[in-house]
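Listed below are the residues making up each chain.
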Amino acid sequence: NAFKITCSSLFCEYMLVRTEFFLLMLVPFIQNLLKSTKSPLILELGACDGRYTQQMFMCCTNGTPVIYSFEPDPRNRTICLRSLPPCARLVPAAVGNITGRVTLHLAAPQPNGEIGSSSISPFKDVTAAFPWCVEVGQAEVDCWRLDDFCDQFNVHGTIDLIFMDIQGSERL
């Protein structure tokens, strides 16, 4: 998985490949960005269980953030709702290159029980590295293009952070 962070205040983009090392690079960058931004606007694509939403929220010490947390997997939504901070809005949808309905390829739970590898991109065989990562079904879910979502829900101004953990669909 790759993570793309866009920081408009610094005019920079980073592509970080997800490895064990990525957190060492990613967390300080996000912490510094969110601590220095007044009431940041955050789009979280792939909220999973809300763990990263909470971490981003706790970094926002300069006003109350506005967080839109997208999570298409219906199995994660209840878990996510329990852990989202009050300033976060759960958007029960995927993000991609179309606005409409798409097929979500449902992944088997990871060995730790987390359901976090479902994708709107068809599964590729990665079982040599991740034996648990197999498709166990499909679900039709809503999908938004970000510009359509922002227009529809009057999300205006500078988007300070786009946090993406969306299983290879970043290219969409």
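Position numbers for residues count from 1 along each chain, tracking the sequence in the order it is written. Confidence filtering applies because this is a predicted model: local features only for residues at pLDDT of at least 70, side-chain atom pairs given and counted only at 80 or more, and all residues used for totals across whole chains, interfaces and linings. To get the side-chain values, all heavy atoms of the structure are used, and hydrogens and water are removed first.

Moving on, we get to the packing of aromatic side chains. Two aromatic rings, taken as a pair, are described by how far apart their centres are and by the angle between their planes. Ring geometry is summarised as follows: Phe, Tyr and Trp rings, the Trp one being its six-membered ring, pair when their centres sit within 6.5 Å, and such pairs are stacked at plane angles under 30 degrees, edge-to-face over 60 and tilted between the two. This structure, assessed with the given rule, holds six aromatic pairs. Seen from their ring centres, W144 and F153 are 5.6 Å apart, and the 75° between their planes marks the pair as edge-to-face. Assessed through its relative accessible area of 44%, F153 is described here as partly exposed. Members of the aromatic cluster, joined through ring pairs, are Y68, F70, W144, F149 and F153. Exposure categories follow from relative accessible area, calculated using a 1.4 Å probe and restricted to protein chains: below 20% of the type maximum is buried, above 50% is exposed, and the middle band is partly exposed.

What follows deals with the environment of S119. Each helix is a run of H or I in the DSSP string that is no shorter than four residues. Each strand is a run of E no shorter than two, and both are numbered from the N terminus. Tracing the sequence through the fold places S119 in the loop between β7 (100–107) and β8 (135–144). When its relative accessible area of 5% is taken as the criterion, S119 is described as buried. Along the sequence, S119 and L104 sit 15 residues apart, while their C-alpha atoms lie 5.6 Å from each other. In protein, a polar contact requires one atom able to donate a hydrogen and another able to accept it; more generally it is a pair of N or O atoms within 3.5 Å, and residues adjacent in sequence count only if both atoms are side-chain atoms. A polar contact is formed between the side chain of S119 and the backbone nitrogen of S121, at a distance of 2.9 Å.

Glancing now at the environment of R82. Following the sequence through the fold, R82 ends up in helix α3 (residues 74–83). Through-space distance from the C-alpha of R82 to that of D49 is 8.7 Å; in sequence the pair is 33 residues apart.

This paragraph deals with the environment of H105. Mapped onto the elements, H105 comes out in strand β7. Using a relative accessible area of 10% as the deciding quantity, one classes H105 as buried. Along the backbone, H105 and G137 are 32 residues apart, and their C-alpha atoms lie at a distance of 6.2 Å. Two residues form a contact once any of their heavy atoms are found within 4.5 Å. What H105 contacts, discounting residues up to four positions off in sequence, is S118, S119, I120, S121, P122, F123, E135, G137 and Q138. At 3.5 Å, the side chain of H105 forms a polar contact with the side chain of Q138.

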